[in-house]
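Structural description and commentary
Next come the chains, spelled out residue by residue.
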Amino acid sequence: MITFFKTLRRRLISRNDTAKYLKYALGEIILVVIGILIAMQINNWNQNRLNRKTEIIYLEGLKEEFEISKLKLEALITVNQKNYSASKRILEYINSETNLPSEASFSELLYTSFSTDIAFNPNNSLLFEMINSGNLKNLSNPQLRKQLTNWISTLTDISKQEEELGLQRIEVIDMFRTDENSLKTIFKQAGVYNTLDLPEDSKSLSNLSLLQSTAFENNILMFILASYATEQAHYIPLMSDLNTILELIDKELKT
């Protein structure tokens, strides 16, 4: 093909046919331009195909991470509800003059309320890698990119609230670091003492006097308030954000 065009060009030049040569030259330029455009289009198509393949890999990885994080958050909400529900039951005993719990029941409520720390630990390794490497831009959906960026800042706020909840939990636990109250009694009555294989003894100190303590009541109230705020102002909105992210990911995977 190239030899044909070269031969044609030489013939036109040798005949001194300027008009036909100009038409030929213009046609040759047009063919070159068309060839370049086709090559660029093919290159763009290949690049878009590669970009989409990379995006799908990221989307599938993010979906897996956020599905695991959702399970963790659901479990954490359940634990938090269990904690403050048991604390509310303690508060009912504090406010009652006649309906008092047994030592075993009181110990079980204390153990249920304060034995478990609350902290959300989502799976964010891929998301952090994408942000730190600048690969978040590989996601074509701007709303999804915005949600993922906001997710990180939201987790920072939640971590601060969890720290506050942890401090209120410690305030209650610290009341058992004195000679007046006994962690051992709680462990024994809640069945933890045997589980930990701790040495048995006959000493027993009742914790029921705490039900008459205003300081104890105040600490329980602050713990309930912090637990409730953690759920309603942080965990529930976070679950909504998490579901939105998963919906956007699913939508992009189906595109």
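All of the points below concern the structure found in this document.

Criteria and cut-off values
- Throughout this document, residue positions are counted from 1 along each chain, in the order its sequence is written.
- Reporting in this predicted model follows two pLDDT cut-offs: at least 70 for local features of residues, and 80 or more for side-chain atom pairs to be given and counted; totals over whole chains, interfaces and linings ignore these cut-offs and use all residues.
- The side-chain figures draw on all heavy atoms in the structure; neither hydrogens nor water molecules are used.
- A helix here means a DSSP run of H or I that spans at least four residues, while a strand means a run of E at least two residues long, and both kinds are numbered starting from the N terminus.
- Throughout this description, buried means an accessible area under 20% of the type-specific maximum (1.4 Å probe, protein chains only), exposed means over 50%, and partly exposed covers the range between.
- Note on contacts: a residue pair is in contact if any heavy atoms of the two residues lie within 4.5 Å.
- Here the Shrake-Rupley method, with its probe set to 1.4 Å, supplies the accessible areas, and only the displayed protein chains count as covering residues.
- Axes, fitted as lines to C-alpha atoms, cover a helix only where it is in contact. Angles between the N-to-C directions of the axes lie from 0 to 180 degrees.
- Reported orientations rely on four angle classes, namely roughly parallel under 35 degrees, roughly antiparallel over 145, roughly perpendicular from 65 to 115, and oblique for the rest.
- Think of it as three bins: nonpolar holds Ala, Val, Leu, Ile, Met, Phe, Trp, Tyr, Cys and Pro, charged holds Asp, Glu, Lys and Arg, and polar takes everything else, Gly as well.
- Here, nonpolar core refers to any group of buried Ala, Val, Leu, Ile, Met, Phe, Trp, Tyr and Cys residues whose side-chain atoms link them within 4.5 Å.
- What the arc covers is the set of directions going from the helix axis to the C-beta atoms.

**What to know about the overall build of the protein chain**
If you tally the helices and strands in the protein chain, you get eight helices and zero strands. For the protein chain, the N- to C-terminal ordering of α and β elements is α-α-α-α-α-α-α-α. Here the protein chain, with 255 residues, has 34% of them falling under the buried criterion. Partitioning the intrachain contacts of the protein chain with sequence separation of at least 6 by distance along the chain shows that 80% fall at a separation of at least 24. When the accessible area of the protein chain is evaluated, it comes to approximately 15600 Å², of which 56% is carbon and sulfur surface.

**Looking at the packing of helix α4 (residues 125–133) against helix α5 (residues 142–173)**
The geometry of α4 relative to α5 is characterised by a closest axis approach of 11 Å and an angle of 110° between their N-to-C directions. Judged by the angle between their axes, α4 and α5 are roughly perpendicular. Where α4 approaches α5, its residues L127, F128 and I131 are matched on the opposing element by L148, W151 and I152. Residue classes in the contact of α4 with α5 are distributed as six nonpolar, no polar and no charged.

**Focus: the nonpolar core**
In this structure, L62, F66, I90, L139, L148, W151 and F216 are the most contacted members of the largest nonpolar core, which totals 49 residues. Listing elements by their share of this core, those giving two or more residues are α2 (18–94), α3 (103–114), α4, α5 and α8 (214–254). The leading source of residues in this core is α8, at 13 residues.

**Describing α4**
Within the sequence span of α4, burial applies to L126, L127 and M130. Buried residues of α4 fall within an arc of 100° about the axis and therefore sit on the same side. Facing away from the buried side of α4 by more than 90 degrees, the exposed set consists of S125 and N132. G134 sits one or two residues past α4 and shows a positive phi near 80°.

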